[in-house]
Structure formats: structure tokens, C-alpha cells
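Structural characterization, general
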Amino acid sequence: QSNPRAIAGHDSSASSTSQHGDIPSSNLPALGTSMELLYTGSLLARLTNLRVLRGAGRLRDGRAEDAQRILTEADTDDQDHPHVCLLLALCKVHENNVDGAISELDKCLASHPTHVQGRVLRAKLLKRQKRLPEACKDIRLALAQHPNHDHARAFHNEILDLIDNMYAKATNHLLRNENELAIGWLDKCIELDEHDTRILVRRGVAYRALGNHAKAVENLRQAIRIAGGECPEALSNLVLAANDHAVSLLKEGRVVEAYHLLETTVRTHPSNDQLRLNYGDVLLAQRK
């Protein structure tokens, strides 16, 4: 099974000082929200345009309206452009205008798609709006581009904790034979991480328990593909689900579909007696 935390190097003891030059938020004056502390401090050391630097200073001091006026009037070059967009987004955050902040970040990322602070802040704002699948997409892209960035790693770990929590709820429903409720939670997990094989296996098991053998086979095969064939739990459950599905197909007279399903499964599980018996029934049915 996949280990999603290995993607980002899950480490709850990570330093508050980023490997990309961010300074600890505890050294900054209070501004009202942690987001401004996390991002404006790291920018001050990078800015070269004095007007932009002045706007960043106003924002850090909690004067978001002044900062927005100064930044909007600033004559910036390509190097400073993404920082200005990020700072304007933080001004919007300060005003609780999340849609406006995301719009500014879209401008930043359109011209500078690898700007990690902009990508992480956008993910945080999308999460605030409960747009979790989009937030996950952003944070995975940030990690792909900057795998050691502390803020990206920390936020990714928050997402993984959320997935773990929903997965635990789904497992509890499965144990109580509440399969539809389990599938509901597993669907939410898949929206956030479609490559987590443990979720696909659990959803396949739940679908089989509900008698939806086609969906069970689909989920289990997907888990096996993602794992490169090395997913014992998915493989063992696939035998059961494929066998059940083949029986259902035979009862409906769908012999050709049953044949293809069993032929593929028997090839990968040649020692399973029940599969081979049903495969024999299909071959006899085809001959008739």
C-alpha cells in the first residue's frame, strides 16, 4: 500500500525557519493572522523595489489599506511582479476578502507558476473556502517544485491528517456494516488523494458488501495498477470480487463479459479453485 506521508517527508518537528529564507513568525510584530506573519516576513529580505518594500512594511505593521495603495501604484519589473501580487493578496486576506486574494494569486501564478509562497497561500485560502480538492492539487504542485519547503510540507501534512481522520471514520462504518456511509467518507478521501491504495481497497470491499461487484472490481484493479501489482490486500479481494461479478454476469446471460473477466483474473491467480471452476462454466456456456 502507498505511504502518502513519504511524499512530503512527514515531520512534525520541522523547524519554524524555512529552508527558503523565511524568518520565524515569532520575530514579527503581531498582525492579526498567522498568514501575513508567515509570508510578509520572508519577502522583506528579497524585495529590491523601494516602493514595494515600503508597501510590504505597511502590511507587516497592520496597515493593509496603506499597503494596498502603495503597492497598486508601484512601478515594478518582472522580478518584483509576483511579490507584489502576493502582497496584494495578503492585503485582501487582511480584509477577509478571500475571493479577491485568490484572484491576486492567480495573477501571480499565471506569470510565475513556480512561486511557492503564492502556491501555498492559494492552497490555504482554497481550504478556507472548503475547496479541498483544489487545495490539494496546489499543494502537491508546490511540493513537486519545492520538495523541501517547510510551509508546503506542513500544509501537506495537515491534508494527510484530514484524510487519515476521514479514513478512520470510513473504517468504523465498515466494521458496523454501514457500507454506504463508509463509501461516502471514502469518496471524500479519494477526492483529496486518488492514488492512496488503502482507500481504493476499502472502497472496493464496501462495494462488494453492497453487491456492486463491478464497482468493487474497478476499485481493486485501480489500487493494483497504482501499486504496480504489489498490493496483496487488493489482489486477494479482487479474486473474491471478480468471482462474485462473474457469477452475476452468468446469471444475466452475459457470458462474453464473464469470460473476459475470469480469463484475466485466472491468468493472474491460476491456483484459485473457485475461479477456475467458474471459468470452466463460462467456457461450457460459450460452447453451448
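As a convention, each chain's residues are numbered from 1 in the sequence order in which they are written. Local features in a predicted model are, by the rule used here, given only for residues with pLDDT of at least 70; side-chain atom pairs are given and counted only at 80 or more, and totals for whole chains, interfaces and linings are based on all residues. In computing side-chain values, all of the structure's heavy atoms are included and hydrogens and water are not.

**Section: the packing of aromatic side chains**
What describes a pair of aromatic rings is the distance from one ring centre to the other and the angle between the planes of the rings. Put simply, two rings from Phe, Tyr or Trp (the six-membered ring, in Trp's case) pair if the centres are within 6.5 Å, and we call them stacked under 30 degrees between planes, edge-to-face over 60, tilted for the rest. Applying the stated criterion across every chain, the model contains 0 aromatic pairs. Geometry around Tyr167 places Arg198 over its ring, the cationic atom sitting 4.4 Å from the centre. Only when the NZ of Lys or the CZ of Arg is both within 6 Å of the ring centre and within 35 degrees of the ring normal is a charge said to sit over the ring.

**Some words on helix H3 (residues 50-60)**
Of the positions making up H3, those classed as buried are Val52, Gly55, Ala56 and Leu59. Viewed end-on, H3 has its buried residues packed into an arc of 100°, placing them on one side of the element. At the C-terminal side of H3, Gly62 shows a positive phi close to 90°. We call a residue buried when its accessible area falls under 20% of the maximum for its residue type, exposed when it is over 50%, and partly exposed in between, using a 1.4 Å probe and counting protein chains only. A helix here means a DSSP run of H or I that spans at least four residues, while a strand means a run of E at least two residues long, and both kinds are numbered starting from the N terminus. By construction, the arc corresponds to the directions joining the helix axis to the C-beta atoms.

**Some thoughts on the confidence of the model for the protein chain**
Confidence scores here are pLDDT values: one per residue, from the predictor, ranging 0 to 100. When pLDDT is averaged across the protein chain, the result is 78; 74% of the residues are at 70 or more. Between two residues, a contact is recorded if the distance between any of their heavy atoms is within 4.5 Å. pLDDT under 50 marks residues 1-34. Its contacts with residues more than four places away, or in other chains, come to 59 contacts.

**So, the environment of Gly57**
Looking at the secondary structure, you find Gly57 in helix H3. Judged by relative accessible area, Gly57 falls into the partly exposed class, the value being 21%. For the pair Gly57 and Ala67, spaced 10 residues apart in sequence, the C-alpha separation works out to 7.7 Å.

**Concerning the pattern of salt bridges**
The term salt bridge refers to a pairing of a side-chain nitrogen on Lys or Arg with a carboxyl oxygen on Asp or Glu at a separation within 4 Å. In the structure shown here, the tally under the stated rule is 16 salt bridges. Here Asp164 makes a salt bridge to Arg198, at a shortest N to O gap of 2.7 Å. On the criterion of sequence distance, the pair formed by Asp164 in helix H9 (residues 150-175) and Arg198 in helix H11 (residues 197-209) is long-range, its members being 34 residues apart. Through salt bridges with shared partners, a single ionic network connects Asp106, Arg119, Arg122 and Asp138.

**Thoughts on the packing of helix H5 (residues 81-94) against helix H6 (residues 98-111)**
The convention used is that axes are lines fitted to C-alpha atoms, helices contributing only their stretch in contact, and that angles between N-to-C directions extend from 0 to 180 degrees. It is at 7 Å that the axes of H5 and H6 come closest, and there the two elements cross at 170°. On the basis of their axis angle, the class for H5 and H6 is roughly antiparallel. Taken together, the residues of H6 that come into contact with H5 (itself represented by His81, Pro82, Cys85, Leu86, Leu88, Ala89, Lys92 and Val93) are Gly100, Ala101, Glu104, Leu105, Lys107, Cys108 and Ser111. Three classes are used, and their members are as follows: Ala, Val, Leu, Ile, Met, Phe, Trp, Tyr, Cys and Pro are nonpolar, Asp, Glu, Lys and Arg are charged, and the others, Gly among them, are polar. Taken together, the residues that form the contact of H5 with H6 break down as 9 nonpolar, 3 polar and 3 charged. Each angle receives one of four descriptions, namely roughly parallel if under 35 degrees, roughly antiparallel if over 145, roughly perpendicular if within 65 to 115, and oblique otherwise.

**Some words on the environment of Ala89**
For Ala89, the location among the structural elements is in helix H5. When its relative accessible area of 0% is taken as the criterion, Ala89 is described as buried. Residues Ala89 and Gly118, spaced 29 residues apart in sequence, show a C-alpha to C-alpha distance of 8.9 Å. The contacts of Ala89, once residues within four sequence positions are left out, are Ala101, Glu104, Leu105 and Leu121.

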